[in-house]
Amino acid sequence: MAITALAQEKQGAFAEYKKVYPNVNELVISDKNTYDIFVEDKKLRVLRNNYYESMIMSQNGIQNNEESFSYSELVKLNEFEAYSIVNDKGKDRKIKVTQTNEKQSRQNSVFHDDVKQRQLIFPNLEAGARKVYSVETEFLDPFLLQSYVFGSSFPMLNSTLEVRTDKDVTIGYRVFNDPDNSIIFSKTEKKGKYIYTWTLKDVKAVKFEPGNPGFRHFIPHINVYVKDYKVDSKKVEVLDNTEKLYDYYKSFTKNLNRTEDAELKAITKEITAGLTTDREKVKKIFYWVKDNIKYIAFENGYEGFIPREAALVCKRKFGDCKDMASIISAMANYAGVKDVTVSWIGTRDIPYSYEELATPAVDNHMIAVFNDNGNYVFLDATDRETRYGLPTSFIQGKEALMSNGDTYKIIQVPVVSGEDNATHEVVDLTLDKEKITGSGSLNFYGFSRSHILPQIGDASGKTRFEMIKSLVLLGSNKFMLKEYNEANVADRDKPYQVNFSFELEDYAIQVDKELYINLFMDRAYEKLTLEPDRVTAYEMDFLSAYNTTYNLKIPQNYSVKYLPENFSLDNALMKADFTYANKAGVVSLNAKIQVKKLLIEKADFALWTDTVKQLKNAYTQTLILTEK
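Cut-off values and rules
Residues numbered from 1 in each chain as written. Predicted model: local features only at pLDDT ≥ 70, side-chain atom pairs only at ≥ 80, totals over all residues. Heavy atoms only, no water. 1 Å grid on protein atoms, 1.4 Å probe; cavity = no way out; pocket = protein on both sides within 12 Å on 5 of 7 lines; lining within 4 Å. Points joined across faces, edges and corners; volume = space filled by probe spheres on them. Helix = DSSP H or I, 4+ residues; strand = E, 2+ residues; numbered from the N terminus. Nonpolar A, V, L, I, M, F, W, Y, C, P; charged D, E, K, R; others polar. Pairing = 2+ DSSP bridges. Axes fitted to C-alpha atoms, helices over the stretch in contact; angles between N-to-C directions. Contact = heavy atoms within 4.5 Å. Buried < 20%, exposed > 50% of the residue type's maximum accessible area, 1.4 Å probe, protein only. Core = buried A, V, L, I, M, F, W, Y, C linked by side-chain atoms within 4.5 Å. Parallel < 35°, antiparallel > 145°, perpendicular 65-115°, else oblique. Left-handed = near helix turned anticlockwise from the far one by under 90°. Expected span 1.5 Å × (residues − 1). Arc of directions from axis to C-beta. Phe/Tyr/Trp six-rings, centres within 6.5 Å; stacked < 30°, edge-to-face > 60°. Lys NZ or Arg CZ within 6 Å of the ring centre and 35° of its normal. Salt bridge = Lys/Arg side-chain N within 4 Å of Asp/Glu carboxyl O.

## Quick notes on the layout of surface pockets
Right, so step 1: In this structure, the second largest pocket spans a volume of roughly 1200 Å³.
Right, so step 2: Elements with a contribution of two residues or more to the lining of the second largest pocket: strand E25 (423-432), strand E26 (435-444), helix H8 (446-456), helix H9 (461-472), strand E31 (538-539), strand E32 (545-553) and strand E36 (586-595).
Right, so step 3: Here the lining of the second largest pocket is composed, by residue class, of 22 nonpolar, eleven polar and eight charged.

## Here's the deal with the sheet that holds strand E24 (residues 407-412)
Right, so step 1: The five strands lie next to each other as E22-E21-E20-E23-E24, forming an open sheet whose pairing is antiparallel. On the outer flanks of this sheet lie strand E22 (375-379) and E24, each paired with one strand and no other. For this sheet, the mean inter-axis angle between neighbouring strands, taken without regard to orientation, is 35°.
Right, so step 2: Note: strand E23 (residues 399-404) against E24, six bridges, orientation antiparallel. Across the sheet, residue Leu401 finds its bridge partner in E24, namely Ile410.
Right, so step 3: The sheet contacts of helix H5 (residues 278-292) involve strand E20 (340-345), strand E21 (365-372) and E22, and relative to E21 the element is tilted by about 160°.

## Describing unusual backbone geometry
Right, so step 1: Notably, Lys317 is not glycine yet its phi reads approximately 70°, a positive angle.
Right, so step 2: Secondary-structure assignment places Lys317 in the loop between helix H6 (310-316) and strand E19 (318-319).
Right, so step 3: On the basis of relative accessibility, which here comes to 33%, the residue Lys317 falls in the partly exposed class.
Right, so step 4: One non-glycine residue, Asn488, adopts positive backbone phi at about 65°.
Right, so step 5: As for its position among the elements, Asn488 is in the loop between strand E27 (479-487) and strand E28 (496-504).

## Describing empty space enclosed by the protein
Right, so step 1: A full pass over the atoms with the stated rule returns one cavity of 30 Å³ or more.
Right, so step 2: Here the largest cavity is characterised by a volume of approximately 40 Å³.
Right, so step 3: By residue class, the composition of the lining of the largest cavity is seven nonpolar, two polar and no charged.

## A look at the nonpolar core
Right, so step 1: Among the nonpolar cores identified, the biggest contains 92 residues, and Ile37, Trp198, Val289, Ile327 and Leu379 are the most heavily contacted of them.
Right, so step 2: No other element matches the nine residues that helix H7 (residues 321-334) contributes to this core.
Right, so step 3: Counting 59 residues, the second largest nonpolar core, distinct from the first, contains Val427, Phe502, Leu543 and Tyr558.

## Quick notes on the packing of helix H4 (residues 262-271) against H7
Right, so step 1: At their nearest, the axes of H4 and H7 sit 9 Å apart, and the two run at 70° to each other. Classified by the angle between their axes, H4 and H7 sit roughly perpendicular to one another. Where H4 crosses over H7, the handedness of that crossing is right-handed. Only Ile327, Met331 and Tyr334 of H7 make contact with H4, whose side of the interface consists of Leu264, Lys265, Ile267, Thr268, Lys269 and Ile271.
Right, so step 2: For the contact of H4 with H7, the class distribution of residues is six nonpolar, one polar and two charged.

## Some words on the sheet that holds strand E33 (residues 558-562)
Right, so step 1: If you trace the four strands from one edge of the open sheet to the other, you get E29-E30-E38-E33, paired in antiparallel fashion. Each edge of the open sheet carries a strand with a single partner, namely strand E29 (509-511) and E33. When strand polarity is set aside, the average angle formed by the axes of neighbouring strands in this sheet is 30°.
Right, so step 2: Strand direction decides the pairing type here: strand E30 (residues 514-517) and strand E38 (residues 623-627), joined by four bridges, are antiparallel. Its bridge partner being in E38, Ile517 is matched across the sheet by Leu623.

## Overview of the environment of Phe378
Right, so step 1: Tracing the sequence through the fold places Phe378 in strand E22.
Right, so step 2: Of the residues examined, Phe378 reaches a relative accessible area of 4% and is grouped as buried.
Right, so step 3: Through-space distance from the C-alpha of Phe378 to that of Ile395 is 9.5 Å; in sequence the pair is 17 residues apart.
Right, so step 4: Ignoring any residue separated from it by four or fewer positions in sequence, one finds Phe378 in contact with Ile367, Ala368, Val369, Leu390, Pro391, Ala400, Ile411, Gln412, Val413 and Pro414.

## Brief notes about H9
Right, so step 1: The end-to-end C-alpha separation of H9 is 17 Å, in line with the 16 Å expected for twelve residues at 1.5 Å each.
Right, so step 2: Regarding H9, the residues found buried are Arg464, Ile468, Lys469 and Val472. Along H9, the residues classed as buried sweep out an arc of 140° about the axis, all on the same side. Counted as exposed and oriented over 90 degrees from the buried face of H9: Lys462 and Ser470.
Right, so step 3: On its buried face, H9 is in contact with E26, H8, E27 and E28.

## Remarks on the pairing of E21
Right, so step 1: The element E21 is largely enclosed, with a buried count of seven among its eight residues.
Right, so step 2: Here E20 runs beside E21; their pairing, made up of six bridges, is antiparallel. Following the sheet pairing, Trp344 is matched in E21 by Met366.
Right, so step 3: Where E21 lies against E22, five bridges are found, and the strand directions are antiparallel. The residue of E22 that forms the bridge with Asn371 is Tyr376.
Right, so step 4: Where E21 folds back on E22, the antiparallel hairpin that results is connected by two residues, among which Asn373 adopts a positive phi of roughly 55°.

## Structural notes on the packing of aromatic side chains
Right, so step 1: Under the definition given, this model contains 31 aromatic pairs.
Right, so step 2: Between Phe286 and Tyr388, the ring centres sit 6.3 Å apart and the planes meet at 65°, which makes this aromatic pair edge-to-face. Linking Phe286 in helix H5 with Tyr388 in the loop between E22 and E23, this pair joins segments that are 102 residues apart in sequence.
Right, so step 3: Three or more aromatic residues joined by ring pairs form one cluster here, namely Phe143, Tyr246, Tyr248, Tyr249, Phe252, Trp344 and Tyr408.
Right, so step 4: Positioned over the ring face of Tyr83 is Lys94, at 4.5 Å from the centre of the ring.
Right, so step 5: The residue whose ring lies beneath Arg492 is Tyr287, and the NZ or CZ to ring-centre distance is 4.9 Å.

## What to know about the side chain of Ser343
Right, so step 1: By the element assignment, Ser343 lies in strand E20.
Right, so step 2: What Ser343 contacts, discounting residues up to four positions off in sequence, is His365, Met366, Ile367, Val369, Leu401, Met402 and Ser403.

## Thoughts on the pattern of salt bridges
Right, so step 1: Evaluated as defined, the whole model comprises 44 salt bridges.
Right, so step 2: Connected through shared salt-bridge partners, Asp291, Arg384, Glu385, Arg449 and Arg492 make up one network.

Structure below.
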């Protein structure tokens, strides 16, 4: 019996489903979203109904007795219904969900928004029972329709998006991640309405793998948007291209910071006093905002789109990304710099360009941009550690929609090179039989710096000691950190530096008169293996480079019997050079590794696996000293 036919049978279907899905805890029978888009009382209304039905397939599946759905100030909850369906003497019996709970969608987070989640607890579940719920919400802003995703952590028999519109309503849509055109599309007409339907059947369970670039990059989904509609025979345009999207965004910023604020102006004049160039002034303002305005994201209705006045942000001493962009641009203006403006941008988990999808789904972030004589500087103060001149790591490679009054410009954010995010380490080693003592200096540049420091935070005492120990650890878990000191913690323009001393017992191996020492005391990327059955690409946080030098002082009465061979590789993913030297009683290893691609795609997996294999082989090479 075909799987799609199974979905039509409720009685006795469980046994048939078990044959096809013997190792599944839950099976989604139907996930259907229906939009009704129509004009009423000269206004466009958008209603959405989500119908969901799944079947418990095992005893383990009974534990998943919870489902949830979301709503907010702009996506209003109208009504919902939820119930379990259990087998009662061969017949279906509905048991209404009575245990529900409303909570904020994000708790214990720097994000604060008005999105609510309604939790549903389904009663009396057993193998063969079904969970069913139906939710109606209304979109109060036709610009803000949401993506429909054909995917779940469980297999799905039927996944459908249906859009019903008046004939005077024109929609647009874009389908993503359906290279084989597996999604079946139809357009029909019924009772004076157009009905658009997209259906995907027999959908495999989505495999969420660590390091994936975000579900929008690989799960099939659709973005539907309203292009226009008619009221009294007059066309009202909504979305269709970047110009219309910018017009929408511009309505939120056109009156921003029109009123001069004496306090903020005075602060600006004070911190930029004596600075002569626009670049110096913007940098000073940028760092002042990072140091004095705490990042807390607020998304409450249209507050999720409208930057607050710079004066209010200054007074509160906190704000979200839009507020940071607002105060930076306002302060630049007070400083006499005219080329700093607010801009919209999507983070890297959003895969679309503005040409591909000119709707609010294309971006989720806001920054300020400084046009420094044609060199664009991306001023994102949400990451307080990133130095001036670098974007934040999560907007690399993305497009920014830069405001210029009535017009806009799309500019590309560069991907920061590995050399700019390098980690440099020099370690001097002394050998006493099998024990190593040493001292080192470790320097973090660029994103390496801005990713490490927030993890350490303001920890102190033993907690900070243990954090630093894990940061500088070399050789094995017998590593003993003796002392350390830090430099440039508060200076974003310099690398974060850790100087340390340590002891390491039982690292060298002595056999008769020979000592065996592996100078690779830290082995970058050795454990970053990609499983052969991996489905999704692997995304790096940022491009990186490692430049490490180990200097081993040869003990008295010993000489070098075997010096490992040098190693190099250079391919599309990585460049590596390992160089050994024996000079003036010191054996040195200089190891340089640079990663070249942010996204390791499936086509790269074989090359990545071979690259790591070569690294591992090079890491095993051992220096041999012999007693004279």
